[in-house]
Amino acid sequence: MRSASSSTHPNSSSTRRAPSGSTTIPSGSSSRCSRDCDEDMTPPRGHGVGEDRDHCAERTDEGRMRAESQDMTQTAEAPENHSNDAAPMTTSAIILLFVGLMIAMFMFSLNQTVLATALPTIVGELDGVDQMLWVSTAFMLASTIMMPIYGKVGDLFGRKPLFMFAISCFLAGSVFALLAQDMSLLIFGRVLQGIGGGGMMILSQSIIASVVPPRERGKYMGIMGSAFAVSSVAGPLIGGWLTEGPGWRWAFAINFPLGIIALIAAAVFLKIPKQTHGPRPKIDVGGMALISVITSCIVLVSAWGGHDYAWGSWQINGLIVLGALAIIAFVIVEAKVSEPVIPLWLFKNRDFLLATIAGLFIGVSMFGVLSYMPTYLQMVHGIDATVAGLMMVPMMGTMLISSTLTGFVVARTGKYKRYPLTGILLIGVSLILLSTLKADSPVWEPMVGLALLGLGLGLSMQILVLVVQNAFPVEMVGTATASNNYFRQVGATLGMAFIGSVFTQRLLENIESGIRSLAASNPNLELPQISSTGLTPQIVGDLPEPIHALIINAYNDALVPLFLWVAPLAFLGFVILLFLPNTPLASTLKSQDAAAREHVVTHEHAAEVPVDADSSLQGPSDSLAVPLTTKDSTDDDTDDSQPARQPGSRPAH
């Protein structure tokens, strides 16, 4: 006699729990046995219980073999390197690993801002105000180019040795910058720092994504965001203190103890599954070369246009044409190679596409402000470098608190869409406020604008990275994360290059026209011999009136209006994020192979599931991923209005 507990009607909404880490399969979707077994595999008459169990086990084995066979066919074009299955890392092991990653992230983000307050003094000593933008832009350009390369190579060959190489390269660049006696060597050192820094940034995020599921990853991403907040303010503060004390060269010397600690942490604590693969994967050398050309053309057009060369000149037009041809060639190459550095099918994923566009706009806004605000505060308000760094503290505080709290809330609730929407809107409002500053504005006004900017960045930046990582399997998370960060860094580089180029041009024009007007109106006025390319805060502070007023007004009028030019990008990003799917965050880590097998098994079962048996198996997925329901999805707080996206799925390409 059949036990009541073993019988389930096909249309029943009850489910059977699969083993941990597998999908939850509705009882009504069980496979029908060819020997007249009931839908819940209850033995028919004439078969003993033991015999039928053996028989059903055979059928299960056959189904598994069939699934594996189909999986091999479906993934024939996928990368052949996969992470070995390994027991989940303990919390203590993850924390130790996280320490090393945080140090590397801190070094990278610190060196994006540490020279902000020291830059006026550096370019004044090295007589290179006209090359000021390249000190920051060279670092960002190099790191941007390297990000997708590190992401792809790390996915193919493993991340630990690559991570340690990136730290070593960063330290080598610090040596050249430390010893620089002219702008050329300083910029070269910054390029080497950028080459290493790109890997430190991307591999830190990729490594934590390979050991922590998306649902729990929000906490770690939030803390990473808070580390960026601390470094964004600690950088100008440390740079200002060093500039006024032992000297600006110590801004590079402090990298060595941090770098050694990061190397030791990576060597000792970094324990991730080893990569195994069949035939040696082919590296997309052509794609890497083309992406370097594209990025360089974008930055050079932004930096040189209207400054070194006139818009419409053959140099600028040639760069535009070269960049366009490189983009066309890049698309052709990436469509043909087996392991593209930025797979084109990533853009079929709505989560990736929308989060990436919004991230690019955030990058333009953020770094356009961070790169030049400390210099503005020193020149216009006549404060020293240390105080200028302290005036960035409101931004650090709001970004640190909002990023950390948002990460923990997302990990608890699984809901995230409202946070980047609110954040990018606040970024736009802060840019408008900053664009209203005057040379005689009280110092609290820029601090309010910066605090609002930090709040917006904390709510949006790391959550958008988490959204992208949630859409792809562990084997592809490095490539997806690197591609997303690449476009955000392109935005950051564009922001620094555009604002730096226009600011420098407007500043020189304002100073020259102001001096001419002053000389014409006061023929007997004795003008001091000053070089517009050798101004430092100290020199400006010692200038007599009315020259002093002329210089600070020139600075204010050259920089502040540019923030209003950038503000529409933030509001456009808000509109784009309105269409972001509120996809539930996966609660487990899954490999590409496991997801492919689940895809086959689920479709076998789905053939016999009534239309209303399990709504989680209905409807297409926005990211082309397999719409599966995780084991924990029935009792968590995720929004199930969208199909659950498992990180183990891979779009067809």
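The structure under discussion appears in the preceding block.
The following refers to the structure shown.

What counts, and at which threshold
Residues numbered from 1 in each chain as written. Predicted model: local features only at pLDDT ≥ 70, side-chain atom pairs only at ≥ 80, totals over all residues. Heavy atoms only, no water. Axes fitted to C-alpha atoms, helices over the stretch in contact; angles between N-to-C directions. Helix = DSSP H or I, 4+ residues; strand = E, 2+ residues; numbered from the N terminus. Left-handed = near helix turned anticlockwise from the far one by under 90°. Contact = heavy atoms within 4.5 Å. Core = buried A, V, L, I, M, F, W, Y, C linked by side-chain atoms within 4.5 Å. Buried < 20%, exposed > 50% of the residue type's maximum accessible area, 1.4 Å probe, protein only. Patch = residues over 30% accessible without salt bridge, like charges linked within 9 Å, V, L, I, M, F, W, Y side chains within 5 Å. Areas by Shrake-Rupley, 256 points an atom, 1.4 Å probe, with all protein chains shown as cover. Salt bridge = Lys/Arg side-chain N within 4 Å of Asp/Glu carboxyl O. Phe/Tyr/Trp six-rings, centres within 6.5 Å; stacked < 30°, edge-to-face > 60°.

Let's shift gears to the packing of helix H6 (residues 183–209) against helix H18 (residues 477–521). Angle between the axes and distance between the axes: these two values describe a pair of packed helices. At a minimum axis distance of 9 Å, the contact between H6 and H18 shows a crossing angle of 145 degrees. Where H6 crosses over H18, the two elements pack in a sense that is right-handed. The residues of H18 that touch H6, namely those facing Met201, Ile202, Gln205, Ser206 and Ala209, are Val477, Gly478, Thr481, Ala482, Asn485 and Arg488.

The next point concerns the nonpolar core. Ranked by internal contacts, the top residues of the largest apolar core, which has 164 residues, are Phe163, Leu186, Ile208, Met373, Leu457, Phe472 and Phe503. Ignoring anything within four residues of it in the chain, the contact list for Met373 reads Met392, Leu434, Leu450 and Phe563.

A contiguous nonpolar patch, built from Leu425, Val429, Ile432, Leu433, Trp444, Val448, Phe498, Leu564, Trp565 and Phe571 and spanning about 880 Å² of accessible area, is present on the exposed surface. Looking at the nonpolar patch, the elements with two or more residues in it are helix H16 (418–434), helix H17 (444–470) and helix H20 (547–577). Examining the composition of the nonpolar patch, we find that four residues originate from one element, H16, more than from any other. The topology assignment puts Phe498 in helix H18.

To continue, consider the packing of aromatic side chains. Applying the stated rule across the entire model yields 10 aromatic pairs. Ring plane angle 90 degrees and centroid distance 5.1 Å describe the contact between Phe176 and Phe188, whose orientation is recorded as edge-to-face. In this pair, Phe176 sits in helix H5 (residues 160–179) while Phe188 sits in helix H6, placing the two residues 12 residues apart along the sequence. A residue is classified by how much of its surface remains accessible, and Phe176, at 35% relative accessible area, is partly exposed. Judged by relative accessible area, Phe188 falls into the partly exposed class, the value being 40%. Ring centres 6.1 Å apart and planes at 50 degrees place the aromatic pair Trp345 and Phe472 in the tilted group. A residue pair is termed long-range when its members are at least 10 positions apart, and Trp345 in the loop between helix H11 (314–336) and helix H12 (350–370) and Phe472 in the loop between H17 and H18 qualify at 127 residues. For Trp345, a relative accessible area of 5% gives the class buried. The rings of Trp345, Phe347, Phe352, Phe472, Tyr486 and Phe487 are connected pair by pair, giving a single aromatic cluster.

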